[in-house]
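# Secondary and tertiary structure notes
Chain by chain, the residues run as shown.
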Amino acid sequence: MLDQRLLRDNPELISQQLGRRGMEVDLTKLQLIAKQERDLEEQRSNLQAEGNRTGKEVGMLIKGGAAPDSDEVKALREKGNRIKQQVAVLEEEEKGLEAKLREQLLALPNLPSADAPEGKSEADNVEVKRWGEPRQGKDLEEHWQLADRLGLFETERSVRIAQSRFITLMGDGARLERALISFMLDLHSTKGYTEVMPPILVNSASLTGSGQLPKFAEESFRCADDDLWLTPTAEVPLTSLHRDEVIAVEQLPLKYAAYTPCFRREAGSYGRDTRGLIRLHQFNKVELYWFCHPEKSAEAHEQLTLDAEAVLEALELPYRRLELCTGDMGFSAARTYDLEVWLPGAGSYREISSCSTCGDFQARRSAIRFKEGKGTQLLHTLNGSGLAIGRTMAALLENGQQPDGSIQLPAALVPYFGRERLTPQ
RNA sequence: GGAGAGGUGGCCGAGUGGUCGAAGGCGCAGCACUGGAAAUGCUGUAUAGGGGCAACUCUAUCGAGGGUUCGAAUCCCUCCCUCUCCGCCA
């Protein structure tokens with residue numbers, strides 16, 4: 001959520017920065033509501049002050065010996081009643097405006113950082129780094145072909161259990177998934193991340209706090225009988241881990257690594273990535289999350305991205321880092337790096353992690369502050385995948401494929417998986 | 001799911017209709033004392049919003065939302081949560 005004071009003091013900046021995202025917003029209506037709301041608040045609180053004084057007067061009169069039904073007291077009571085009624089009217093109006101203002105503010109995305117490159121779409125993202133030698137060659141298979149031959153998962157039977165875009169991992173496939181989760185969590189633990197296993201059903205306040213609601217309700221699965229949703233990413237429960245808290249400055253930064261399943265409707269992606277592990281309604285992910293001091297967030301963004309890259313490097317998977325342009329960034333992000341892993345079978349780079357700094361956007365929605373000296377301020381939040389497990393498995397399969405049909409696994413994984421090769425079962 | 005108890009400031013804990021944002025303690029900060037520290041003493045110490053250059057001031061907040069009243073932490077209603085016992089259960 002954007003700062004209301006910014007809306008008041010510098011609305012041009014908001015329009016201009018949202019313009020960099022490719023949005024055209026007219027803030028005059030919003031400003032008008034904000035102004036009305038503030039005027040109303042002033043009127044109401046002045047009236048309440050008078051009401052409070054009246055109440056006290058009655059108390060003092062009675063304590064001083066006046067009869068509760070004396071004319072003097074009666075007159076004050078009537079005055080109190082009159083004020084109460086007026087306040088009620090103003091209050092209702094004020095609440096209406098407040099709700100409207102909040103609703104509209106919640107629908108506005110974060111302002112892009114000044115450092116974010118300007119652009120309209122994916123095509124304008126900027127490659128900033130490349131690591132590893134992308135393996136090239138004819139006859140390299142895609143991960144779903146390899147997995148099929150190795151018997152790593154069931155696709156058709158998964159439709160029976162749930163529906164399309166769900167997968168059932170079997171045998172070595174299930175084992176490799178588990179190995180990857182443990183491997184990643186262990187790696188992050190050595191870098192000061194606290195391991196977290198949060199609820200994966202989250203309430204709507206949590207989704208609002210991290211930015212998925214109100215605008216992206218159609219992207220998540222909702223439980224019909226409760227105010228609970230299946231979380232689309234661990235970013236949601238992790239943000240709300242400290243919702244409505246004031247954190248002592250010495251505790252910052254708080255760094256968390258959480259493994260969770262993630263659930264997404266993937267609406268609007270019919271026909272894309274229909275085979276294999278790339279795009280599923282349910283997938284596993286290890287998420288990295290920082291709560292940090294505003295002055296440290298740029299540095300933290302680099303570090304968090306490096307921590308995600310460390311997983312790819314330990315797994316010997318070639319990747320590149322893109323900086324997303326203003327037009328391609330997510331709703332809550334001020335600045336984003338995407339990590340794309342090389343898939344030799346597909347012959348392309350594929351997103352495997354998205355590392356964003358959200359500034360105080362989520363902190364304001366979620367009321368997460370820190371205390372430094374006398375006052376409290378909003379802190380900054382950052383998140384990034386470290387990494388998406390299914391896509392990591394796909395990359396391992398494609399990058400490790402051998403002429404004899406087996407898959408060579410990276411050395412770092414052997415202690416977790418127990419073998420250095422996948423062979424047909 | 002049934003029965004009971006309870007939710008007050010960073011924490012503990014008083015407070016059952018009047019000037020209570022709230023005693024007391026702990027913690028924390030400043031000052032004094034000290035060679036330095038401990039102990040001690042004094043002072044200060046919630047959050048959000050509005051007004052003011054500022055000192056300051058107004059409003060709201062005692063789980064949440066309604067209600068009664070001139071006036072509610074305190075009385076009434078609804079909901080949420082926590083704890084204990086019973087039941088059920090991985």
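The shown structure was predicted, so the numbers you read here are calculated from the model rather than taken from an experiment.

Another point: the protein's contact with RNA strand B. Neighbouring residues of RNA strand B: 24 residues in total, closest Arg8, Glu41, Gly55, Lys95 and Thr376. A breakdown of the atoms of RNA strand B within 4 Å of the protein gives sugar and phosphate a share of 71%. Here Arg5 contributes a side-chain N or O atom positioned 3.2 Å from a phosphate oxygen of RNA strand B. At 2.7 Å from a phosphate oxygen of RNA strand B is found a side-chain nitrogen or oxygen belonging to Lys95. Elements represented by at least two residues in the surface near RNA strand B include exactly α1 (4-9), α3 (28-63), α4 (71-106) and β14 (368-372). With 14 residues, α3 is the largest single contributor of residues to the surface near RNA strand B.

Quick look at the sheet that holds strand β7 (residues 228-230) now. With antiparallel pairing, 3 strands are arranged side by side in an open sheet as β5-β7-β6. Strands with a single pairing partner mark the edges of an open sheet, and in this sheet they are β5 (201-202) and β6 (221-223). Bridge analysis of β5 against β7 gives 2 bridges, and the strand direction is antiparallel. By the bridge assignment, Val202 is partnered in β7 with Trp229.

In terms of nonpolar packing, the biggest core is built from 48 residues, with Leu176, Leu180, Met184, Leu312, Leu315, Leu397 and Leu422 touching the most fellow members. Per-element accounting of this core gives the leading share, 8 residues, to helix α7 (residues 172-189). The contacts of Leu397, once residues within four sequence positions are left out, are His143, Leu146, Ala147, Leu152, Ile407 and Leu422. Counting 22 residues, the second largest nonpolar core, distinct from the first, contains Met1, Leu18, Leu30 and Phe361.

Bringing the pairing of strand β12 (residues 335-343) into the picture now. Burial analysis of β12 places 9 of its 9 residues in the buried class, which makes it a mostly covered element. Here β12 shows a buried face lined by Arg335, Tyr337, Leu339, Val341 and Leu343 and a second buried face lined by Thr336, Asp338, Glu340 and Trp342. Two successive antiparallel strands, β12 and strand β13 (residues 348-357), enclose a turn made up of 4 residues, where Gly347 displays a positive phi of approximately 70°.

Another point: the UniProt feature "binding site: L-serine" in chain A. Within the UniProt annotation, "binding site: L-serine" is assigned to Thr233, Ala234, Glu235, Glu287 and Ser385. Spatially, the listed residues are clustered: although they cover 153 residues, their C-alpha atoms lie within 9.3 Å of one another. Within the secondary structure layout, Thr233 lies in the loop between β7 and α9 (235-241). With residues near it in sequence (within four places) discarded, Thr233 still touches Gln212, Cys262, Arg264, Lys285 and Glu287. Ignoring anything within four residues of it in the chain, the contact list for Glu287 reads Thr233, Ala234, Glu235, Leu238, Tyr256, Ala257, Ala258, Asn383, Gly384, Ser385 and Gly386.

Time to look at the sheet that holds strand β8 (residues 245-248). Reading across the sheet, the 3 strands line up as β8-β14-β15 and stay open at both edges, with mixed pairing between neighbours. Because the sheet does not close on itself, it has two edges, and the strands there are β8 and β15 (375-378). Averaged over neighbouring strand pairs, the angle between their axes works out to 35° when direction is ignored. Pairing geometry for β8 and β14, over 4 bridges, is parallel. Each bridged residue has a counterpart across the sheet, and for Ala248 the counterpart in β14 is Lys371.

To continue, consider helix α12 (residues 389-400). The periodicity of an α-helix, 3.6 residues per turn, causes residues three or four positions apart to be oriented the same way. If you check α12, its first and last C-alpha atoms are 16 Å apart, about what 12 residues at 1.5 Å a residue would give, namely 16 Å. What α12 keeps buried is the set Ile389, Gly390, Arg391, Thr392, Met393, Ala394, Ala395, Leu396, Leu397, Glu398, Asn399 and Gly400.

What follows is about unusual backbone geometry. In terms of backbone geometry, most residues other than glycine have negative phi values and most peptide bonds are trans. For the peptide bond that leads from Leu213 to Pro214, omega is 5°, which places it in the cis range. Topologically, Pro214 is positioned in the loop between α8 (204-210) and β6. Leu252 connects to Pro253 through a cis peptide bond whose omega is -5°. Locating Pro253 in the fold gives a position in the loop between β8 and β9 (254-263). Even without a glycine there, the phi angle at Arg165 is positive, about 70°. Its place among the elements puts Arg165 in the loop between α6 (156-161) and β3 (168-169).

Applying the stated rule across the entire model yields 22 salt bridges. Linking Arg157 and Glu154 is a salt bridge whose minimum nitrogen-to-oxygen distance equals 2.8 Å. A relative accessible area of 47% places Arg157 in the partly exposed class.

Definitions and cut-offs
- Residues numbered from 1 in each chain as written.
- Chains lettered and ligands numbered in written order.
- Predicted model: local features only at pLDDT ≥ 70, side-chain atom pairs only at ≥ 80, totals over all residues.
- Heavy atoms only, no water.
- Near = heavy atom within 4 Å.
- Polar contact = N/O pair within 3.5 Å; in protein donor to acceptor, adjacent residues only side chain to side chain.
- Helix = DSSP H or I, 4+ residues; strand = E, 2+ residues; numbered from the N terminus.
- Pairing = 2+ DSSP bridges.
- Core = buried A, V, L, I, M, F, W, Y, C linked by side-chain atoms within 4.5 Å.
- Buried < 20%, exposed > 50% of the residue type's maximum accessible area, 1.4 Å probe, protein only.
- Contact = heavy atoms within 4.5 Å.
- UniProt positions renumbered as here; feature names shortened; annotations may be inferred.
- Axes fitted to C-alpha atoms, helices over the stretch in contact; angles between N-to-C directions.
- Expected span 1.5 Å × (residues − 1).
- Salt bridge = Lys/Arg side-chain N within 4 Å of Asp/Glu carboxyl O.

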